[in-house]
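Descriptive structure summary
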Amino acid sequence: MEQRLANTWQMTVNEKKFIETALLSDLRVDGRRPFDYRRLIIKFGREDGLSEVQLGHTHVMGFVTSQLVQPYRDRPNEGTLAIFTEFSPMADPSFEAGRPGESAVELGRIIDRGLRESRAIDTESLCVVAGKFVWAIRIDLHILDNGGNLVDAANIAALAALSTFRRPECSLGGKDAQEVIVHPPETREPLPLIIHHLPIAVTFAFLGKDNIVVVDPTHYEEAVMGGRMTATVNMNGDVCAIQKAGGVGVMHSVIMQCLRIASVKAADMTTKIKNAVSTSLYAYSPQVESYKTERSQRMIKRHTSTAAVDVSEPSHKEINVLLRHHLERSTIRSGELIASSSNAMEIETQLSEQDEKQRDGGARTFIGGPSNWDPLSKGVDSDALKVSLASRGAVRANTKLEESKIENLDVFEQSHPLADVNPVPPLHEVAAIDLQTKGERTLKDAVKPKHKRKKKPSSKTDAS
Amino acid sequence: MEVDRADGRTRNQLRSLACTRGTLNRAHGSATWSQGETKVFAAVFGPKAGMKKNENPEKACIEVIWKPKTGQIGKPEKEYEMILKTTLQSICLLTVNPNTTTSIIVQVVNDDGALLPCAINAACAALVDAGIPLKHLAVAICCCLADGGYVILDPCKLEEQRTKAFAYLVFPNSLASVRRKGLLQVEVEPVEHGIITSVTRGVMPVEDYLRCLERGRAVSAKLSEFLRRSMQLQAPSESPTAVFETHS
């Protein structure tokens, strides 16, 4: 429609010149340095598999759903993964509703290649009955606000949603075990997907005559750039995909430099995503609070009613993987993850400094609430507790299995030295007795005394 | 008679409301509206030059795009678009910007019952955020018939599926919430007793429908109050969330 052309936003020559001139002195319009990412906020919804990512002004939502389907004929024992990207007209007045445009298709393909072809998601574990029933995972990415660099934001949204997605457990039953019974979440705990690694997309834009490289372009920079390149790299340094579709030609030394920068950024981003995911699953945050307690209550009820249940192998392994992950990641953020951008060069040192700052920051934001968390200990506590509950008495490094609550304390005790700075044994005993006398409580209440106890070494003034 | 609904509410109790405006950067106006678990995102772009064919060029045109959470756009989405369009057309001042198109995009984040009323409320808040001239605001409510023949408000998805019939009702916002106290003189029937939109599903007797209308009208006053408060709370630079627990 011609009238749409009248509404398209044009970049003025002044703006273009300003952006390019500022870059010559290593300055970008929003004050960042050329290799800095914008502020990243990852939020999760109440249900599994819903994520909302904000990268600066770019806003993307990801939903993951699953369905039992027939597999492809040439891959009878693998599940399928499909990515649907919607460039909503909400994001940009130039996006049209209806058929996806070129950039929408390109975005979908980049994310698809990063996830599927690099085998980030284990599709063989999605098989239920070979040749008949497999799980088809569908990822819907809704672009809500186009502030530039949609690829990176959408990729993070997809990864975050996949990490928190849980598919229903199903078993074979009926006569000659050919019928598939899908268990609703009330009867059997849904299972997470097996994710081998997180492929992070890092987008570079080439601006100006000299092809100055910037990371994470805003939509103003995208309007004036000469070319762009997206490198999908994972934390191990593997290059999963590179996309450079046309645009200005750059020297191969520049490409190599970009790949090096990308691997550094990927490490940083992976840490942020993993922290956000683990925090959302176990954190005290108004949006996930009641869902978490409800979920935990369901789990507690189930465990006290079933005496000795056979733990199916895959879920047990997954839970162990989760536990290991969480023990490695002993730093925890608050329910909403706010990460500042970091320098490409000093990323490692800065990251540890930021951890310290944000840990305190996280604790500070919760002052005055019903329970003041020490994020450090909380992460280990909740993870250990959840794992011990979920594994139904078959916890990896655990010996005493009398009661689920005592069990929690034991696992906590074991992982305790890993995380805490000043372990205080006498207070631990008090907490143990306290816990037992309280009787039937929710998971949150079970965790509370430990957190209040934890605060004493870090000199907070809350009285338990 | 107190009745036990699944989530412990009484018959006339709404779920907790939350409204945020100005969340998006590119859109001219944006709002999120959540009623309990149902959450809808709305964005407004406009007015833009040009109109679709067969539209009256002497008036502004409203275009609604409904984006479901997952899946393709089908007939139900088209129906929602049409209902939203006609509802919003009746509250906008269409003669202020003739021969222009204002687009309203609605994105469903979560559907836990009463989706269309939630979307209408979100769209109205987004229009206010964009500064589109309006005659008055619209407040939408869902009333459904429980098994005992009484009316319950704001059902969740389970209740909506089990009910025999329900009605989505949209009222203009109550003037009492806007006018200063003391100036309110009701000589003729107040404007807020009119109905902008009514969509019903299922079969219900006429008396029950009239009862739904009555209930809806009573609640619309509360909703208008909440809407007014959430609009007032926001300074141009911030976008805080207004949360409201209603008990009527």
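Residues numbered from 1 in each chain as written. Chains lettered and ligands numbered in written order. Predicted model: local features only at pLDDT ≥ 70, side-chain atom pairs only at ≥ 80, totals over all residues. Heavy atoms only, no water.

A few points about the overall build of chain B
Where we set the bar: Here a strand is any run of E in DSSP of at least two residues, a helix any run of H or I of at least four, and the numbering for each starts at the N terminus. Here a residue-residue contact requires only that any non-hydrogen atoms of the pair lie within 4.5 Å. Each accessible area value is a Shrake-Rupley result obtained with a 1.4 Å probe; residue values ignore everything except the protein chains displayed when judging cover.
When its secondary structure is counted, chain B shows four helices and ten strands. Scanning chain B from its N terminus toward the C terminus, one meets helices and strands in the order β-β-β-β-α-β-α-β-β-α-β-β-α-β. A fraction of 72% describes how many contacts in chain B between residues 6 or more apart in sequence connect residues 24 or more apart. If you sum the accessible surface of chain B, you get close to 11,300 Å²; carbon and sulfur atoms cover 51% of it.

Describing helix H2 (residues 115–130) of chain B
Residues and elements named next belong to chain B. Using the following cut-off: Here the expected length of a helix is defined as 1.5 Å per residue gap, with one fewer gap than residues. Buried, partly exposed and exposed residues are distinguished by accessible area as a fraction of the type maximum, computed with a 1.4 Å probe on protein chains only: under 20%, between the cut-offs, and over 50%, respectively.
Over its 16 residues, H2 extends 22 Å from the first C-alpha to the last, a length consistent with the 22 Å expected when each residue adds 1.5 Å. For H2, the buried fraction is high: 13 of the 16 residues fall into the buried class. Gly 131 sits one or two residues past H2 and shows a positive phi near 80°.

Topic: the pattern of salt bridges
The condition that has to hold: Note on definitions: salt bridges are taken to be side-chain nitrogens of Lys or Arg within 4 Å of carboxyl oxygens of Asp or Glu.
Throughout the structure, instances matching the rule amount to 27 salt bridges over all chains. The closest approach of N and O atoms between Arg 26 of chain B and Asp 92 of chain A, which form a salt bridge, is 3.1 Å. One end of the pair, Arg 26 of chain B, is in the loop between strand S1 (17–21) and strand S2 (29–35); the other, Asp 92 of chain A, is in the loop between strand S4 (80–87) and helix H3 (102–117), on a second chain. There is no split in this pair, since Arg 26 of chain B and Asp 92 of chain A are both buried. Ionic pairing is found between Arg 201 of chain B and Glu 79 of chain B, a salt bridge with its closest N-O pair at 3.7 Å. With Arg 201 of chain B in strand S9 (residues 197–202) and Glu 79 of chain B in helix H1 (residues 75–91), the pair connects residues that are 122 residues apart, well separated along the chain. Exposure remark for Glu 79 of chain B: the relative accessible area of 33% places this residue in the partly exposed category. Salt bridges here are not isolated pairs; linked through shared partners, they connect Arg 9, Arg 15, Asp 112, Asp 154 and Glu 159 of chain B.

Comments concerning the interface of chain B and chain A
The cut-off we apply is this: A quick way to say it: buried area is the sum, across both parts, of accessible area lost when two parts are put together, with a 1.4 Å probe. Within 3.5 Å is the distance limit for a polar contact, defined as a pair of N or O atoms, with the added protein rule that one can donate a hydrogen and the other accept it, and that residues adjacent in sequence qualify only through two side-chain atoms. Three categories are distinguished: nonpolar for Ala, Val, Leu, Ile, Met, Phe, Trp, Tyr, Cys and Pro, charged for Asp, Glu, Lys and Arg, and polar for the others, with Gly belonging to the last.
Residue-level contacts link 26 residues of chain B with 28 residues of chain A. Interface area for chain B against chain A, summed over the two sides, is near 2,400 Å², with a carbon-plus-sulfur share of 56%. The largest per-residue losses of area from chain B upon contact with chain A belong to Arg 26, Lys 67 and Lys 69 of chain B, which jointly make up 26% of the total buried on that side. Where chain B touches chain A, the interface holds four salt bridges. Counting every contact that joins chain B to chain A gives ten residue pairs in polar contact (both at pLDDT 80 or more). Only strand S3 (38–49), strand S4 (61–67) and strand S5 (100–110) of chain B provide two or more residues apiece to the side of chain B that touches chain A. Among the residues making up the side of chain B that touches chain A, the classes are represented as 13 nonpolar, six polar and seven charged.

So, the sheet that holds strand S8 (residues 165–172) of chain B
Residue and element names in this part refer to chain B. Heads up, the condition is: DSSP calls a pair of strands paired once it identifies at least 2 bridges connecting them. Angular values range over 0 to 180 degrees, each being the angle between N-to-C directions of two axes fitted as lines to C-alpha atoms, with helices fitted over their stretch in contact.
One open sheet accounts for four strands, arranged S7-S6-S8-S9; its pairing is antiparallel. In this open sheet, the two strands that pair with only one neighbour each are strand S7 (151–153) and S9. On average, each strand axis in the sheet is inclined to that of its neighbour by 20°, with strand direction left out of account. Two strands pair when backbone bridges link them, and strand S6 (residues 138–145) and S8 are joined in this way by seven bridges, in the antiparallel orientation. Bridge pairing in S8 links Ala 138 to Pro 172. On the sheet, H1 packs against S6, S8 and S9 and is oriented at approximately 155° with respect to S9.

Focus on the nonpolar core
Just so we agree on the cut-off: In this description, a nonpolar core means a group of buried Ala, Val, Leu, Ile, Met, Phe, Trp, Tyr and Cys residues linked to one another through side-chain atoms lying within 4.5 Å.
Core analysis: the largest hydrophobic core is formed by 68 residues, its most contacted members being Ile 42, Leu 115, Ile 139 and Phe 204 of chain A. In terms of residues, this core owes the most to one element, helix H6 (residues 252–282) of chain A, which gives twelve residues. Counting 66 residues, the second largest nonpolar core, distinct from the first, contains Ala 42, Val 64, Ile 104 and Leu 169 of chain B.

Concerning the confidence of the model for chain A
Residues and elements named next belong to chain A. So the rule is basically this: Here pLDDT means the predictor's own confidence in every residue, given as a number from 0 to 100.
In the predicted model, chain A carries a mean pLDDT of 71, and 59% of its residues have values of at least 70. Here residues 284–294 is modelled with pLDDT under 50, and outside its nearest four sequence neighbours on either side it reaches 27 contacts, counting other chains as well. Within the model, pLDDT remains below 50 along residues 301–382, and this stretch shows 137 contacts once partners closer than five positions in the same chain are excluded.

Digging into the packing of aromatic side chains
When we look at a pair of aromatic rings, we describe it by the centre distance and by the angle of the planes. Inclusion rule: Centres within 6.5 Å make a pair out of two Phe, Tyr or Trp rings, where for Trp the six-membered ring is used; the pair is then stacked when the planes are under 30 degrees apart, edge-to-face when over 60, and tilted otherwise. Two thresholds decide whether a charge sits over a ring: the Lys NZ or Arg CZ must be within 6 Å of the ring centre and within 35 degrees of the ring normal.
A full pass over the atoms with the stated rule returns four aromatic pairs over all chains. Where Trp 33 of chain B meets Phe 226 of chain B, the ring centres are 5.5 Å apart and the plane angle is 80°; that geometry is what we call edge-to-face. Of the two residues, Trp 33 of chain B is situated in strand S2 and Phe 226 of chain B in helix H4 (residues 206–233); the sequence distance between them amounts to 193 residues. In this pair, the class of Trp 33 of chain B matches that of Phe 226 of chain B, namely buried. Ring geometry for Trp 66 of chain B versus Tyr 80 of chain B: centroids 4.5 Å apart, planes at 35°, classification tilted. Remark: Tyr 80 of chain B occurs in helix H1 and Trp 66 of chain B occurs in strand S4; sequence separation between them is 14 residues. In this structure Trp 66 of chain B comes out as buried when scored by relative accessible area, which is 1%. We classify Tyr 80 of chain B as buried; its relative accessible area is 15%. Against the face of Phe 84 of chain A rests Arg 138 of chain A, its NZ or CZ located 3.7 Å from the ring centre.

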